[in-house]
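Examining the three-dimensional arrangement
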Amino acid sequence: MLYKSLAKPLLFKMDPEQAHHLIIGGLSGVGSVRPVPSGLRVMYGVRETPDLAVDMFGCHFPTPVGLAAGLDKNGQAVTGFSSIGFGFMEVGTVTPLAQSGNDQPRLFRLPPDEALVNRMGFNNLGAEAMAGELARLQERRIPVAVNIGKNKATPNEEAHLDYAKCIQALYTYADLFVVNISSPNTPDLRNLQHGNELKELLAAVMEEMNRQQVKVGGAAKSVLVKIAPDVNEQELEYMVSTIAASGVSGIIATNTTISREGLSHQHAKETGGLSGKPLRERSTEIIRQVYRQTEGKLPIIGSGGIFTSEDAYEKIKAGASLVEIYTALIYEGPEVNRQIHAGLRELLRKDGYHHISEAVGADHR
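Predicted model, so just to flag it, every value in this text is computed and none were measured.

What counts, and at which threshold
- Residues numbered from 1 in each chain as written.
- Predicted model: local features only at pLDDT ≥ 70, side-chain atom pairs only at ≥ 80, totals over all residues.
- Heavy atoms only, no water.
- Pairing = 2+ DSSP bridges.
- Helix = DSSP H or I, 4+ residues; strand = E, 2+ residues; numbered from the N terminus.
- Axes fitted to C-alpha atoms, helices over the stretch in contact; angles between N-to-C directions.
- Buried < 20%, exposed > 50% of the residue type's maximum accessible area, 1.4 Å probe, protein only.
- Contact = heavy atoms within 4.5 Å.
- Parallel < 35°, antiparallel > 145°, perpendicular 65-115°, else oblique.
- Left-handed = near helix turned anticlockwise from the far one by under 90°.
- Nonpolar A, V, L, I, M, F, W, Y, C, P; charged D, E, K, R; others polar.
- Disulfide = S-S within 2.5 Å.
- Expected span 1.5 Å × (residues − 1).

Taken in spatial order, the eight strands close into a barrel running β3-β4-β7-β8-β9-β10-β12-β13, and their pairing is parallel. In this sheet, neighbouring strand axes are inclined to one another by 25 degrees on average, regardless of whether the strands run parallel or antiparallel. Across five bridges, the pairing between strand β4 (residues 88-94) and strand β7 (residues 144-148) is parallel. Counted as the bridge partner of M89 is V144 from β7.

As structure tokens, then:
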């Protein structure tokens, strides 16, 4: 409980973005000091167990719990996050060109709601800078998914060019890619989820992925699409049909929400994407609908409001094969990974399952 008793009180007295930079700065230096990753693994690591290890998307996931995009925007802290119990992680969102993002303040805590609101706006150092960071990695213990987006100044009709540029710069270094069309903090980005724009964008992404595979060689790398929770049933149905027909390998459900239902903190009035516990039920419902529509044939990574093993298991039974956390790490600290892992093993045993894959979509049977 070192985090909750010592680190969290200090970090929560700081401006949220300053605290974020402090954590990323600390973890980014981990790889250059050889004993530190081993020490972190002793303190916070999660031992791989056969019942929770997953092989999917051409990758081996030592645990099913990953880190969602947004914390390590530039791929600077992969070694650090790999050492505190995650089974995989997203880096980014990255754009072709560096951009500063939206004006500060742009990150807000809502402690009574155990939530965050952010309107960061894809602040990052650009695709080439991330390529440099990933190229310098001496060791990669977990799969790294590169979350890609478009620059703010790029009009939607040219968005496919930005996604292609990210793939070109990062194909060699990514284990898989995530197409982000669902952040609420880049103007008009979510319009790419709908209509012919989505079909054309994914066609361009898959064309570039195929081009890079021919150029680089090796097995094909997977592409996933991260979707928003703020869609109606008809919009979701069309979106999922288009994604499934595009040839991508899976869906991440979901990104942050613009809903503010049931919040009590004053920061609820801030614009941006909400993450944390208030998102849990809606993201699980989206997972359930995607699984039902695709008959479980399109793998899902569940994300949104996971704080406990029960939260993770709820999403797995709804149809998720893997899950991600973000806000829970801020509120609970790195101990949360061991807690979720141990709890998932116990929940599987109680239900008579020998492997996590047996529980995927159990609510539909």
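Moving on: the environment of Y3. Structurally, the position occupied by Y3 is in helix α1 (residues 2-11). On the basis of relative accessible area, Y3 is assigned to the buried category, the value being 9%. A sequence separation of 330 residues divides Y3 from G333, and the C-alpha atoms of the two residues are 5.6 Å apart. If near-sequence neighbours (up to four positions away) are discounted, Y3 is found in contact with K8, P9, L11, F12, L329, I330, Y331, E332, G333, P334 and E335.

For the pair helix α7 (residues 195-216) and helix α8 (residues 233-246), interaxial distance at closest approach is 10 Å and the crossing angle is 20 degrees. Classified by the interaxial angle, the pair formed by α7 and α8 is roughly parallel. The hand of the α7/α8 crossing is right-handed. Residues G195, N196, L198, K199, L202 and M206 of α7 touch α8, and the partners they reach there are Y238, M239, T242, I243 and S246. Here the residues of the contact of α7 with α8 are counted per class, giving six nonpolar, four polar and one charged.

The next subject is the state of the cysteines. Within this structure, the stated rule accounts for zero disulfides. No disulfide involves C59; its nearest neighbouring cysteine sulfur is the one of C166, lying 19 Å away. Overall, C59 belongs to the buried group, its relative accessible area being 11%. Residue classification places C166 among the buried positions, given a relative accessible area of 0%.

Before going further, it helps to examine helix α6 (residues 159-170). Helix length check: α6 (12 residues) gives 17 Å between terminal C-alpha atoms against 16 Å at 1.5 Å per residue, within 8%. Here the buried face of α6 lies against β4, α5 (127-135), β7, β8 (176-180) and α7.

Looking now at the packing of helix α10 (residues 309-318) against helix α12 (residues 335-350). Packing of α10 against α12 brings their axes to within 8 Å, and their N-to-C directions diverge by 55 degrees. Between α10 and α12, the interaxial angle falls into the category oblique. Regarding α10 and α12, the two cross each other, and that crossing is right-handed. Mapping the contact onto sequence places S309, E310, A312, Y313 and I316 in α10 and Q339, I340, G343, L344, L347 and L348 in α12.

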